[in-house]
Protein chains: 2
Amino acid sequence: MCVHASLRPRIPVWNADIVTTPPPGLRERKKKATREALREAALRLAMERGPDQVRVEDIAEAAGVSPRTYNNYFASREQAIVSAVTADREARIAAAVAARPAGARLADVVTEAVVEQYTNTGEREHAALLLIITRTALRDAFLDATAGIEHPLAAVIAECLDDAGTYTARVLAAGVAAAVRIALEGWLQPAGNEGAAGSFGGGGLVVPSGSLPDQLRAALAPLSPAFDAAERRTRP
Amino acid sequence: MCVHASLRPRIPVWNADIVTTPPPGLRERKKKATREALREAALRLAMERGPDQVRVEDIAEAAGVSPRTYNNYFASREQAIVSAVTADREARIAAAVAARPAGARLADVVTEAVVEQYTNTGEREHAALLLIITRTALRDAFLDATAGIEHPLAAVIAECLDDAGTYTARVLAAGVAAAVRIALEGWLQPAGNEGAAGSFGGGGLVVPSGSLPDQLRAALAPLSPAFDAAERRTRP
DNA sequence: ACGCAAACTTGCGTGCACGCACATTTCCTG
DNA sequence: CAGGAAATGTGCGTGCACGCAAGTTTGCGT
């Protein structure tokens, strides 16, 4: 009946990783569990009965909390549904960048990390995506979720660049987030756009429409010189 | 009683600029007027009685439209208030870039255009800013509004670069928008932030806290190499 | 000048986001 | 281990965002 049943055994849930991180505490584990329960409930219900047939009340009930509590975790229904797909991608990208092979070009490392995390998509996530693109609100929330990479990525880039005082790392990370969003926009669009880019130049046919990895690489490529320059600044 | 009173004389409102642009049409002028009336009403009321004492109903009434119509123009109350300050900045920045002196470095032109448009702020806008920063919701809406530069800027950059098929212009424009947002974030913060950037490196004291132009230049600087590379691609 | 088609406005209804105040739980310290 | 400080969950109330289905205005072709 209660979502938190799985963490009831108080005694030895975590055996060996206390040494690395200070004990997470009951509170934080509960919070994490509640958040995940809400995510899963939102996505499951949306896939079962269609996105428009799911009310906040249903999600909260399925997760075993009050509707008001649901709202303490997610600012919108779309955010809850989408986060079931996008959660942790940020952390995994940041981790992949942090674990780079010492001498590698930062631009390449970031690009590969992004491509990797957006390519290795499970069956469940793929099905969820098909659902997401059917509703504009969900599509927008999905695209907005890319902004979530910004902060963790800025942290690791700042470390790589040994740069903790300037805007460089933050701007580069934000640029990556924006590029990913643009690549996804292009990928999700079949055709039929009008004045997107060419406002008064010749005709502006945009959107090459290739595979997702290609789109991501193409969108990230223009940022490479900025990464190279930043890296050069660190080790001349 | 009606906001559109100023355009009542149907006969000769526009004398000499028909040659340059196709006649705007009554419809579009009315729309523009309504939007502007809503903006002004929102800001004026917010400054008169404080941001929290203004309801959508009040704004709509002051602009002479129904509350439902207000909602066809702005998706949130914050957006309406903030847009009174940020409106047209996008267009002016884009215009300034489009009118660049033939051989100038694109990165410099964009930087100067941005700095110029964020520096020459009138007395009224300054007062509005003081109001905006007092409410988190307004502050966020103000920062989000920087994303509005993206599309017009992408258009002019694409023209400068003679590039209408790739993501380059769009990514650069989005990078600029993100950098401006970050600069504004840093400028609006006095101090007191915690783990913004240095997640596990040493202590991460960020935010140099200088003047706005300095912040903008500092945030845009890391993107210059990307602009240079893109320009080099166009004219080798 | 007429009239149709498309765009815009508006009233209504529904579900939602969120502030506030209070009950409950977790954490920490003596 | 007691007890208080701090964080979290919850009910309630308010204003809001937005879909829908008329009613109204604008634009355009004939």
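Refer to the preceding data block for the structure.
Figured I'd write up the structure that's included with this text.

Reading guide: rules and limits
Residues numbered from 1 in each chain as written. Chains lettered and ligands numbered in written order. Predicted model: local features only at pLDDT ≥ 70, side-chain atom pairs only at ≥ 80, totals over all residues. Heavy atoms only, no water. Buried < 20%, exposed > 50% of the residue type's maximum accessible area, 1.4 Å probe, protein only. Helix = DSSP H or I, 4+ residues; strand = E, 2+ residues; numbered from the N terminus. Arc of directions from axis to C-beta. Contact = heavy atoms within 4.5 Å. Near = heavy atom within 4 Å. Polar contact = N/O pair within 3.5 Å; in protein donor to acceptor, adjacent residues only side chain to side chain. Nonpolar A, V, L, I, M, F, W, Y, C, P; charged D, E, K, R; others polar.

## Structural notes on helix α7 (residues 123-132) of chain A
Residues and elements named next belong to chain A.
Here comes step 1: Here α7 has its buried residues at Glu-125, Ala-128, Leu-129, Leu-131 and Ile-132. Looking down the long axis of α7, one finds its buried residues gathered within 160° of arc, a one-sided arrangement.
Here comes step 2: Contacts made by the buried residues of α7 are with α1 (26-49), α4 (77-86), α5 (89-98), α8 (136-144) and α10 (168-188).

## A word on the side chain of Thr-168 of chain A
Here comes step 1: Locating Thr-168 of chain A in the fold gives a position in helix α10.
Here comes step 2: Judged by relative accessible area, Thr-168 of chain A falls into the buried class, the value being 17%.
Here comes step 3: If we ignore the near neighbours within four places in the chain, the residues touching Thr-168 of chain A are Leu-161, Asp-163 and Ala-230 of chain A together with Pro-222 of chain B.

## A closer look at the protein's contact with DNA strand C
Here comes step 1: Around DNA strand C, the structure places 20 residues, and the nearest of them are Leu-26, Arg-27, Lys-30 and Arg-68 of chain A together with Thr-69 of chain B.
Here comes step 2: Within 4 Å of the protein, the contacting atoms of DNA strand C are drawn from sugar and phosphate to the extent of 64%.
Here comes step 3: Between a phosphate oxygen of DNA strand C and a side-chain N or O atom of Tyr-73 of chain B, the distance comes to 2.9 Å.
Here comes step 4: Sorting the residues of the surface near DNA strand C by element identifies α1 and α3 (67-73) of chain A together with α1 (26-49) and α3 (67-73) of chain B as the ones contributing at least two each.
Here comes step 5: Counting residues per element, the surface near DNA strand C draws most heavily on α3 of chain B, which supplies four residues.
Here comes step 6: Split into classes, the residues belonging to the surface near DNA strand C amount to six nonpolar, six polar and eight charged.

## Quick notes on helix α2 (residues 56-63) of chain A
Since the α-helix turns once every 3.6 residues, residues separated by three or four places project in the same direction.
All names here are of chain A.
Here comes step 1: For α2, every residue scored as buried is listed here: Asp-58, Ile-59, Ala-60 and Ala-63.
Here comes step 2: Where α2 is buried, its residues contact α1, α3 and α4.
Here comes step 3: Just past α2, the residue Gly-64 takes up positive phi, approximately 80°.

## Section: the protein's contact with DNA strand D
Here comes step 1: Taken together, 20 residues lie near DNA strand D, and Thr-69 of chain A together with Leu-26, Arg-27, Lys-30 and Arg-68 of chain B sit nearest.
Here comes step 2: For DNA strand D, the backbone portion of the atoms within 4 Å of the protein, that is sugar and phosphate, comes to 65%.
Here comes step 3: Between a base oxygen of DNA strand D and a side-chain N or O atom of Arg-68 of chain B, the distance comes to 2.4 Å.
Here comes step 4: Elements represented by at least two residues in the surface near DNA strand D include exactly α1 and α3 of chain A together with α1 and α3 of chain B.
Here comes step 5: With four residues, the single largest contributor to the surface near DNA strand D is α3 of chain A.
Here comes step 6: Class assignment of the residues belonging to the surface near DNA strand D gives a composition of six nonpolar, six polar and eight charged.

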